[in-house]
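Spelled out from the first residue to the last, the chains are:
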Amino acid sequence: MHNYFDRINNVTSFFVTITFLIILTLMSSTIVFPKDLDEEPILYSNTNMTKKIATFTVVYFDLEADFEALFNWNVKQLFIYVFAEFQKSNGVHVNMMIWDRILRRGSTDNWVNLKNVPAKYYLNDLKYLCSSNLTLSVHWISIPTAGVFYPYNHKESRITFPLPNDKTCSA
Amino acid sequence: MFNIQTHMDFEGQNRAEKISRAIITFFGFAGLIWGAIIQQFSQTIYILAAGFVLALLITIPPYPLYRRKPLNWQKSKNQNSEGGESSKKNKQK
């Protein structure tokens, strides 16, 4: 602390220590006070909304949820996605992401309201898709300012319906 | 050429260190609380950075505040040959 350099060094090192402690507090605040949606997201789809186009099966669905409630000071953006689960006729269990969206903090359209929207990614294994049940579910991951990627699975909504059968199935 | 003093006395160094730590801790704590209230972590970092700059401004320059108790050095003895002899004599006594 005798000369300028020593004093600057001392103050800066203490500043860095405090910064580290503050970021540690921020990280632990996410774990201690986890946030959840106020209401369960409303996900709807049915057999008639699912269309077979050539070799693809396109799932159309409705989704309504207010994700604004999930944003706190440690959430930079949210990654929301819809999973499709089904059992192939050869016995393989498939868990596939069919739709996703990135929600940013401060954006005005964090209230997701989709009506009869086609999935971004298609189910394209036509041969094994016949006469199986499809289960859709909504999930989300928060991308934090500091800390670990925190997967939320508290209020998830699920819907199960049979996939349509058509003449390609009997063939 | 320029006789600019950069040092603090021992009491002043102690005081400067205490003040700088108090300022940064206080601003960090206040920033944490304010950031938690308005849920904006960037505000926490800005407040902490303001505290850092304030601590630098207050405790880096050697203000008279930090130089109130200078050490009373013994007066220098003459370094010529006579003085040397006299000190030897003093030791022998």
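If you're wondering where the values come from, they're calculated on a predicted model, not measured in any experiment.

A. Region of the structure containing the sheet that holds strand β4 (residues 60-66) of chain A. Residues and elements named next belong to chain A. An order of β1-β4-β7 is seen for the three strands of this open sheet, with the pairing classed as antiparallel. The open sheet is flanked by β1 (42-44) and β7 (111-118), the only strands paired with a single partner. On average, each strand axis in the sheet is inclined to that of its neighbour by 5°, with strand direction left out of account. Bridge count for β4 against β7 is six bridges, and the pairing is antiparallel. Counted as the bridge partner of Leu 63 is Leu 114 from β7.

B. Representation of the pairing of β4 of chain A. Residues and elements named next belong to chain A. Counted residue by residue, β4 has five buried out of seven residues, so it is predominantly covered. Pairing between β1 and β4: three bridges, direction antiparallel. Directly across from Tyr 44, in β4, lies its bridge partner Asp 62.

C. Spatial organisation of helix α1 (residues 10-38) of chain B. Taking 1.5 Å per residue as the helical rise, α1 of chain B with its 29 residues ought to reach 42 Å, and the 42 Å between its terminal C-alpha atoms agrees with that figure. Every buried residue belonging to α1 of chain B is among Gly 12, Gln 13, Ala 16, Ser 20, Ile 23, Ile 24, Gly 28, Gly 31, Leu 32 and Gly 35 of chain B, and all of these are buried. Looking at the buried residues of α1 of chain B, the elements they touch are α1 (4-32) of chain A together with α2 (41-59) of chain B. Between the side-chain oxygen of the N-cap and the backbone nitrogen of Glu 11 of chain B there are 3.2 Å, and the N-cap of α1 of chain B in question is Asp 9 of chain B. Phi turns positive one or two residues past the end of α1 of chain B, at Gln 39 of chain B, with a value near 55°.

D. Structural context of the packing of α1 of chain A against α2 of chain B. Where α1 of chain A meets α2 of chain B, the axes come as close as 10 Å, and the angle between the chain directions of the two elements is 165°. The pairing of α1 of chain A with α2 of chain B is recorded here as roughly antiparallel in orientation. Both α1 of chain A and α2 of chain B take part in a crossing whose hand is right-handed. Contacts from Arg 7, Val 11, Thr 12, Phe 15, Ile 18, Thr 19, Ile 22, Ile 23 and Leu 26 of chain A in α1 of chain A reach Phe 41, Thr 44, Ile 45, Leu 48, Ala 49, Phe 52, Ala 55, Leu 56 and Thr 59 of chain B in α2 of chain B. Residue composition of the contact of α1 of chain A with α2 of chain B, grouped by class: 13 nonpolar, four polar and one charged.

E. Fine view of the domain arrangement of chain A. All names here are of chain A. Looking at the assigned domains, one finds that chain A contains domain 1 (1-32) and domain 2 (34-162). Relative to domain 2, the C-alpha centre of domain 1 lies at a distance of 41 Å. Between domain 1 and domain 2, the contact holds seven residues from the first and six residues from the second. Here domain 1 meets domain 2 over a buried area of about 670 Å², counting both sides, of which 68% is carbon and sulfur. Its largest share of buried area at the contact with domain 2, domain 1 owes to Leu 26, Met 27 and Thr 30, together 70% of the area lost on that side. Taken together, domain 1 and domain 2 are joined by zero salt bridges. Across the domain 1-domain 2 interface, the total number found is two residue pairs in polar contact (both at pLDDT 80 or more).

Rules used throughout
Residues numbered from 1 in each chain as written. Chains lettered and ligands numbered in written order. Predicted model: local features only at pLDDT ≥ 70, side-chain atom pairs only at ≥ 80, totals over all residues. Heavy atoms only, no water. Pairing = 2+ DSSP bridges. Helix = DSSP H or I, 4+ residues; strand = E, 2+ residues; numbered from the N terminus. Axes fitted to C-alpha atoms, helices over the stretch in contact; angles between N-to-C directions. Buried < 20%, exposed > 50% of the residue type's maximum accessible area, 1.4 Å probe, protein only. Expected span 1.5 Å × (residues − 1). Contact = heavy atoms within 4.5 Å. Polar contact = N/O pair within 3.5 Å; in protein donor to acceptor, adjacent residues only side chain to side chain. Parallel < 35°, antiparallel > 145°, perpendicular 65-115°, else oblique. Left-handed = near helix turned anticlockwise from the far one by under 90°. Nonpolar A, V, L, I, M, F, W, Y, C, P; charged D, E, K, R; others polar. Domains from an automatic or database assignment. Buried area = accessible area lost by both parts, 1.4 Å probe. Salt bridge = Lys/Arg side-chain N within 4 Å of Asp/Glu carboxyl O.

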